[in-house]
Structures are given as structure tokens and as C-alpha cells.
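Next come the chains, spelled out residue by residue.
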Amino acid sequence: MARIFSGIQPTGIAHLGNYLGAIQNWVKLQAQHECVFCLVDLHAITVAQDPAALRAQTLQNAAILIACGINPETQILFHQSAVPAHARLAWIFNCVARVGWLNRMTQFKDKAGKDREAVSTGLYVYPNLMAADIHAYHATLVPVGDDQRQHLELANDIAEKFNHDYAVSFFPRIEPLILAETARVMSLRDGTKKMSKSDPSAQSRIELTDDADTIALKIRRAKTDAEPLPDHVAALQARPEAANLVGMYAAITGQTMPAVLQQFAGAGFGPFKEKLAEALIAHIAPISKATHELLAEPVYLESILQAGARRAAAIANPIVDEAERIVGFLARA
Ligand code: AMP
Ligand code: TRP
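Predicted model, so just to flag it, every value in this text is computed and none were measured. (Residues numbered from 1 in each chain as written. Chains lettered and ligands numbered in written order. Predicted model: local features only at pLDDT ≥ 70, side-chain atom pairs only at ≥ 80, totals over all residues. Heavy atoms only, no water.)

Caption draft 1: Looking closely at unusual backbone geometry. If you check the backbone angles, His 138 has positive phi at about 50 degrees while not being a glycine. Here His 138 shows up in the loop between helix H7 (121-135) and strand E4 (141-143). (Helix = DSSP H or I, 4+ residues; strand = E, 2+ residues; numbered from the N terminus.)

Set out below in C-alpha cells:
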């Protein structure tokens, strides 16, 4: 059975983009696969984090994942720092990946911006750690949003170079699982930017802990244009905000974009936004409520993550021990 690995950064609260682009797929996949889901706190500190907020957000996002339907009994849910195998393999991969490869990573270029000399070295080697996350479990299927595609190609390049350099076939190829329609949910304030936890404006995203009134308000205030909705998808091409809202409605109601446009062609954004808010509330409000209930029991939540970490380590430790043996390290004590 193919093993699944995926991760989410506890740098804020998981949002609708995370849900439609990744988490909803994780929930579906767990019925047929062994899944390892990781709150990647090592990745989080590649940019500055407030320690107390990081701790709180790690627990909050764990609660959100369970509220979304991840089953921590049958699947593995844990925080990355609790399993040192990730950092051990990442170091080996730092020595396999080439500087030229990392220089091509568009997420690094975006995140570093003009300040390339001042960002952490962790941000630069971030994709090597991500490759280690996956390969430490010999996972082969990785459900993510479209923004992670390039990182997964790099993870394959690293595995291939490791196998080649050491004349082994130890790390398998991995396959990205990316949902076409919702691979990229955009900001509510700017249809050309992806919805992101790190956007300074909370109005730009729907967080999975938002209540009904907050969701309704954010959708009412979402940026749009003056035209009514068109009757075919191609007409949305130069209208990123409109395209984003239509895509969201399609995803959350389980329809295609053409089917949504059939229904709303000629309508203004007033009535469309009302329907969109209604559909989002029907879906997100129960997740939000369940999250708050789970967060009332932090000791229980922590025990789930710790049990998950023990199970994760039981898989990753022997694989990383073997990788260390392959590169020539003496056995661990
Ligand atoms: P992150 O929030 O960066 O830790 O991302 C966690 C998961 O959600 C990854 O699989 C991302 O690809 C996915 N994701 C993040 N933002 C979006 C977005 N705006 N649209 C679709 N998927 C996203
Ligand atoms: N980099 C991913 C993101 O920001 C999170 C992540 C870390 C991840 N390790 C991973 C995703 C391994 C999939 C597999 O979205």
C-alpha cells in the first residue's frame, strides 16, 4: 500500500486555501491509504515566529485537522520537531542538493524578495527539509496545492542523486497529488496573490476557525469587479477576483465552474456572494465549532500528537538509520 505524507506549517491558522487545496484531499485519501500528516514546526521557524504563538498554533492546527475529519487513531498526526529523524535526513540532503537547484526555487525567491542576503539560511534549504520529511517515510504519494509542485520535483532530484551517488535504489520516486480545480485559492483582497497565512490582512482569507458572521462579512467585502457574472469560464480569464469566487463556490458545492456559471450568468455579485457565503458557512461553521471544542482539551490534543510522533518515529528511524549507514556513518548508540 502506497504511503502518503503531507505537511502544513503552523505559522497561522489553516484557511480555506489549505482546506480546498490540500486538507479536503487528505480526508478523502485516508480511507484508502496509510497517511502521515505533519505540523511542520521546523519549517515554520525559517521565518521569525513568536514562540508562544507557534506553540498555540501547532495545537490549533492539529485541532483543525481533526475537526476537518482527519482520524488520528487510524492515521499518524504529529509535530515535526518531535521526530528528530527529519532533521537528521535533512542534513544529509543538504549535502546532496546543489546550490544551483535551490537557486531556482520560486517560493524562496518570492519569500526572500529583495532581502535575499538577510533571510535565514533555513529558508534557503527549506526544500531539502521538505524532501527529508517525505523520504524519511518512503512515502510515494504527496497531496499538496499547486505551489508545492516545484519542491516535489526537487525531492525527486535529491532522491535520484542520492541513489546514484551511493549506487543504491533506496529512495523511491514520489508523485504529487494536486487537485486541478482548487490547486490555487487566491486572496479575497487581490485575485493575483494566493490566499496565505502570512498575509498581514486577515480579511484576505477565511480561516477555518471563523464563525458564520465573520465569513459572511469577509465574503461581502471581498474584492470584485463591476461586471455581472459571465456565462462561460473563458470570460473569467482577465477577472481574477471573479474567477476565484466562482472557483470557491464550485469547489465547496462540489460542482464544476461551467455548471456554476450556468446558474449565475448575468447575475451581479450581490446575490452571488450571498449564496457563496451561505455555502461556505454550511461547510466551515461546523469545522470551526468542532475545532473550538477540541481546543478546550489541550492535554488530550497533546497526547494525540505525542502518540502520533511515537508511531512516526517507529517508521522513520530505521529508514534514516539506513540512510546514515549508506553514507558511511558508524551505527548510532
Ligand atoms: P502551508 O499553509 O503553506 O503550510 O500549506 C499547506 C498546504 O496547503 C500545502 O499543500 C499547500 O500547497 C496548500 N495551500 C496553501 N495555500 C493554498 C492556496 N492558497 N490554495 C491552494 N492550496 C494551498
Ligand atoms: N512546504 C509545505 C507548505 O508550505 C509544507 C510541507 C513541509 C510539506 N513538508 C512537507 C508538504 C512534505 C508535503 C510534504 O505547504
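Structure shown, so let's carry the discussion forward.
Caption draft 2: Local environment of the site of ligand 2. Taken together, the neighbourhood of ligand 2 is formed by 13 residues, with Gln 9, Tyr 126, Met 130, Asp 133 and Gln 148 sitting nearest. Contact between ligand 2 and Gln 9: an oxygen atom at 3.2 Å from a side-chain N or O atom of the residue. Between ligand 2 and the protein, one listed contact pairs a nitrogen atom with a side-chain N or O atom of Asp 133 at 2.6 Å. The fraction of the free accessible surface of ligand 2 (360 Å²) that becomes covered by protein chains is 91%. Counting residues per element, the ones that place at least two in the shell around ligand 2 are strand E1 (3-8) and H7. (Near = heavy atom within 4 Å. Polar contact = N/O pair within 3.5 Å; in protein donor to acceptor, adjacent residues only side chain to side chain. Areas by Shrake-Rupley, 256 points an atom, 1.4 Å probe, with all protein chains shown as cover.)

Caption draft 3: Structural context of the domain arrangement of the protein chain. Here the protein chain is partitioned into domain 1 (3-182 + 297-327) and domain 2 (209-293). A straight line from the C-alpha centre of domain 1 to that of domain 2 covers 30 Å. Mapped by element, the contributors of at least two residues to the side of domain 1 that touches domain 2 are helix H1 (16-29) and helix H3 (51-68). With five residues, H3 is the single largest residue contributor to the side of domain 1 that touches domain 2. Each residue belonging to the side of domain 1 that touches domain 2 can be placed in one class, and the counts come to eight nonpolar, two polar and two charged. (Domains from an automatic or database assignment. Nonpolar A, V, L, I, M, F, W, Y, C, P; charged D, E, K, R; others polar.)

Caption draft 4: Spatial organisation of the packing of aromatic side chains. Inspection of every chain in the model, using the stated rule, returns 12 aromatic pairs. For the pair Phe 78 and Tyr 137, a centre-to-centre distance of 6.4 Å together with 55 degrees between the ring planes defines the contact as tilted. Taken together, the positions of Phe 78 in strand E3 (residues 76-79) and Tyr 137 in the loop between H7 and E4 put the pair 59 residues apart, joining distant regions of the chain. Judged by relative accessible area, Phe 78 falls into the buried class, the value being 0%. Tyr 137 gets classed as buried once you look at its relative accessible area, which sits at 0%. Here a set of aromatic residues connected by ring pairs shows up, and it is made of Phe 93, Phe 162, Tyr 166, Phe 170 and Phe 171. (Phe/Tyr/Trp six-rings, centres within 6.5 Å; stacked < 30°, edge-to-face > 60°. Buried < 20%, exposed > 50% of the residue type's maximum accessible area, 1.4 Å probe, protein only.)

Caption draft 5: Summary view of the site of ligand 1. Of all residues adjacent to ligand 1, which total 19 residues, the nearest are Gln 9, Gly 145, Asp 147, Val 185 and Lys 197. The backbone of Gln 9 places a nitrogen or oxygen atom 2.8 Å from an oxygen atom of ligand 1. Starting from 480 Å² of accessible surface for ligand 1 in isolation, the protein chains cover 93%. Sorting the residues of the shell around ligand 1 by element identifies E1 and H1 as the ones contributing at least two each. Among the elements that take part in the shell around ligand 1, H1 stands out by supplying four residues, more than any other.

Caption draft 6: Just the pattern of salt bridges, in detail. A complete count under the given rule lists 16 salt bridges for this structure. Here Arg 88 and Asp 321 are joined by a salt bridge, their closest N and O atoms 2.8 Å apart. Highlighted residues: Arg 88 in helix H4 (residues 85-94) and Asp 321 in helix H13 (residues 298-327), separated in sequence by 233 residues. Note on Arg 88: relative accessible area 15%, which makes it buried. (Salt bridge = Lys/Arg side-chain N within 4 Å of Asp/Glu carboxyl O.)

Caption draft 7: Quick look at the environment of Pro 143. Inspection of the secondary structure puts Pro 143 in strand E4. Since its relative accessible area comes to 1%, Pro 143 is described here as buried. Linking Pro 143 and Phe 5, residues 138 residues apart in sequence, is a C-alpha distance of 7.5 Å. Ignoring any residue separated from it by four or fewer positions in sequence, one finds Pro 143 in contact with Ile 4, Phe 5, Ser 6, Asn 25, Trp 26, Leu 29 and Leu 177. (Contact = heavy atoms within 4.5 Å.)

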